[in-house]
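Residues per chain, in single letters:
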Amino acid sequence: MADGGVGVLAHKASGDLEDIEDGPQVTETENQRVTLTEEDNRRILRKTDLTILPILAWVYFLQILDKTVLGYGAIFGLREDAHLQGNQYSLIGSIAPIAQLAWQPFSSILIIKVPHRILMSVLVLGWGIAQCLTPLCKTFSALLAVRFFLGLFEAGCLPLFSVITAHWYRRSEQPVRVAGWYGTNGLATIFAAALSFGLAKIHSHVLASWQIIFLFTGLMTIATVPVIYWKLDNNVHSARFLTAEEKLKVIERLRANNNGTSDGEAHKFKWAQVGEVFLDIKTYLFIAMSLANNLGAQVVNTFGPLILSGLGFDNHKTTLLNIPFGAVQYVVILGVAWTSVKLRSGKGFALLIILLPILAGISMLYVLPRDKSHTAPLLVGYYFLAFIFGCNTLVVSWILANTAGSTKSSIMMSLFNAASSAGNIIGPLLFDTADAPAYTPGLKATLGVYSMMAAVVLLQLGNLVLLNKMQEKKRVANGKPAKLHDASMDKKFNAADAAQAQEGDMGSRAFLDLTDRQNDEFIYVY
């Protein structure tokens, strides 16, 4: 197909500003079936990894870095200079997720309506400016305001990144790619600790150590904006790093996903899909997982350095001790993603496994006394909390694998982020400075939350088994085989399976922007 033919498929942004329920449409390119070899598959995957993944990884790294340095600002004078008292520091830690929670309905619409390269550039610029303004804040109200706007601009980050991952990768590839950008949680923790340690050594008569930390990270974020706009492509059809032939092969590569679309932006917001989200039981189970896990994650982000300092270390040692914690985070996230791919449909089972060290770590911090003879086991217990971040990787990839339809996917990821924000709001409030240095009431509550999360994972596994049984009945009623091979979960692209599918109409509904409930060929992943 000539370049001009593909150009017809480019996104018409002005046409997407109408909230109209149109029938599903498939572009000429999406209808055209082409031959794709495993060699083609590997080459295209490699090009996608080199172009899309570095942007996602770097921007997510910056988001985590900008949030994480709040904890280091606290141990390098932020609380004293701003005259924070009682739960005021906790409220500052909670205000960003409050903003994210409030903004989620708008985020889900913007992800559908606004081209991704524009949306991501604006979000990063906004929170970078907020970070740079933080050193000017010397009162509780000023800090509250600037952290609110930081959270507001960060609100669309995780849903947007998840949708981008679903648009560019097959379901079998998604866990490792989600881990690729979400894993920068660990790298950001390492970098934040090392950076804060180094910048705190700077003696300035103008800026305090915490002010230097916030200003440096904010300027790093703002400097990234032009690179994002230059390098990121909105969708497969307009991708500058792909040839016209490769674009057709990418669409064929993604067909087995049955996620409703190969296009990252050219869609109308469909209210029928919104309704389906809220009528779907798995929505609420995924929300419960996100709420539970991110309650614990915010405890680490906001109170991690304070918990370490409560073990008797000075400010500089406390900072350095978070470096191995970040390394454990990174290894856990990548290891969990790799394991889930090897297990093929093992995301739920992998979640149950990694909840064990989390429960063990919280239990150790809860029961062990805070004295020098128990420093080593307390550190081990704290480092076990790094497995929290492996949970989020699995939950995100589990949601992506089990949700189809452009609007439904966007809403689902926004709800995940809303639940994450709610957990981030509740988490710090469970830890009162009056309970320092042990924080046992908060740790007890967190232990109960993660026990509940294990039960929710089991319920979701049972629910997905039931949904697949219902899908089989639909296929039989429509004259199709009850059992289908899920090619999207194959580690390698199988050209023989693709050729067999082309003989009938199997796969013809893949790009009709149907939801997982509407498409009888959709197979749920455990």
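As named in an unreviewed UniProt entry, the protein is MFS general substrate transporter, taken from Neurospora intermedia. UniProt lists a comment for the protein under the heading Subcellular location (unreviewed entry), and it reads "Membrane".

One pass over the structure, following the stated rule, counts 15 aromatic pairs. Each ring, one from Phe-148 and one from Phe-149, has its centre 5.7 Å from the other, and the planes form 90°; the classification is edge-to-face. Relative to Trp-271, the ring of Phe-269 lies with its centre 5.0 Å away and its plane at 75°, an arrangement referred to as edge-to-face. Among the residues examined, Phe-269 registers a relative accessible area of 3% and is labelled buried. Look at Trp-271 and you get partly exposed, because its relative accessible area is 49%. Clustering of aromatic rings is evident, with ring pairs tying together Tyr-60, Phe-161, Trp-181 and Tyr-182. Just above the ring of Phe-522 sits the side chain of Arg-171; from NZ or CZ to the centre is 5.0 Å.

Our focus in this paragraph is the packing of helix H9 (residues 157-168) against helix H10 (residues 174-182). In the contact formed by H9 and H10, the axes pass within 10 Å of each other and the chain directions differ by 145°. Like other packed secondary-structure pairs, H9 and H10 cross with a definite hand, here right-handed. Side by side, H9 and H10 meet where Leu-158, Phe-161, Ser-162, Thr-165 and Ala-166 of the first sit next to Gln-174, Arg-177, Val-178, Trp-181 and Tyr-182 of the second.

To continue, consider a nonpolar patch on the surface. On the surface, Leu-125, Ile-129, Leu-133 and Leu-136 cluster together into a nonpolar patch covering about 370 Å² of accessible area. Among the secondary structure elements, Leu-133 is positioned in helix H7 (residues 116-133). Classification of Leu-133 as partly exposed rests on a relative accessible area of 41%.

On average, residues of the protein score 83 in pLDDT, and 84% of them reach the 70 mark or higher. In the predicted structure, residues 1-26 sits below a pLDDT of 50 and forms 44 contacts with residues beyond four places in sequence or in another chain.

Two side chains carrying opposite charge are able to pair once their charged atoms lie near each other. Under the criterion given, the structure shown has 21 salt bridges. Note that Glu-246 is salt-bridged to Lys-47, the shortest N-O span being 2.9 Å. In this pair, Glu-246 is assigned in helix H13 (residues 244-254) and Lys-47 in helix H3 (residues 38-51), connecting sequence segments 199 residues apart. Residue Lys-47 is classed as partly exposed on the basis of its relative accessible area of 26%. Residue Arg-177 pairs with Asp-49 through a salt bridge whose shortest N-O separation is 2.7 Å. Pair noted here: Arg-177 is in helix H10 and Asp-49 is in helix H3, with a separation of 128 residues, a long-range link. Under the relative-accessibility criterion, Asp-49 is labelled buried at 18%. Connected through shared salt-bridge partners, Asp-40, Arg-43, Lys-47, Glu-245, Glu-246 and Lys-249 make up one network.

Here we come to helix H14 (residues 271-279). Inspection of H14 places Gln-273, Val-274, Glu-276 and Val-277 among the buried residues, and these make up the whole buried set. With its buried residues spanning 160° around the axis, H14 presents them on a single face. Exposed and oriented more than 90 degrees from the buried face of H14 are Ala-272 and Leu-279.

The next thing to look at is the nonpolar core. The biggest cluster of nonpolar side chains holds 127 residues, and the ones touching the most others in it are Met-120, Phe-161, Trp-168, Trp-181, Met-289, Leu-351 and Met-453. Counting residues per element, this core draws most heavily on helix H4 (residues 53-75), which supplies 15 residues. Residue contacts for Trp-168: discarding those within four places in its chain leaves Thr-48, Ile-52, Asp-233, Asn-235, Val-236, Ala-239, Phe-241, Leu-242, Arg-253 and Leu-254. Formed by six residues, the second largest nonpolar core is a distinct cluster that contains Ile-112, Val-277, Ile-411 and Leu-415.

The subject of this paragraph is the packing of helix H17 (residues 347-367) against helix H18 (residues 375-384). A pair of packed helices is characterised by two quantities: the angle between their axes and the separation of those axes. Remark: H17 packs on H18, axes separated minimally by 7 Å, with the N-to-C direction vectors making an angle of 140°. Taken together, H17 and H18 sit at an angle that is classed as oblique. For H17 against H18, the interelement crossing comes out left-handed. Taking contact as the criterion, the partners of Pro-357, Ile-358, Ala-360, Gly-361, Met-364 and Leu-365 in H17 are, on H18, Pro-377, Leu-378, Val-380, Gly-381, Tyr-382 and Phe-384. Residue composition of the contact of H17 with H18, grouped by class: 10 nonpolar, two polar and no charged.

What counts and how
Residues numbered from 1 in each chain as written. Predicted model: local features only at pLDDT ≥ 70, side-chain atom pairs only at ≥ 80, totals over all residues. Heavy atoms only, no water. UniProt positions renumbered as here; feature names shortened; annotations may be inferred. Phe/Tyr/Trp six-rings, centres within 6.5 Å; stacked < 30°, edge-to-face > 60°. Buried < 20%, exposed > 50% of the residue type's maximum accessible area, 1.4 Å probe, protein only. Lys NZ or Arg CZ within 6 Å of the ring centre and 35° of its normal. Axes fitted to C-alpha atoms, helices over the stretch in contact; angles between N-to-C directions. Helix = DSSP H or I, 4+ residues; strand = E, 2+ residues; numbered from the N terminus. Left-handed = near helix turned anticlockwise from the far one by under 90°. Contact = heavy atoms within 4.5 Å. Patch = residues over 30% accessible without salt bridge, like charges linked within 9 Å, V, L, I, M, F, W, Y side chains within 5 Å. Areas by Shrake-Rupley, 256 points an atom, 1.4 Å probe, with all protein chains shown as cover. Salt bridge = Lys/Arg side-chain N within 4 Å of Asp/Glu carboxyl O. pLDDT = per-residue confidence, 0-100. Arc of directions from axis to C-beta. Core = buried A, V, L, I, M, F, W, Y, C linked by side-chain atoms within 4.5 Å. Parallel < 35°, antiparallel > 145°, perpendicular 65-115°, else oblique. Nonpolar A, V, L, I, M, F, W, Y, C, P; charged D, E, K, R; others polar.

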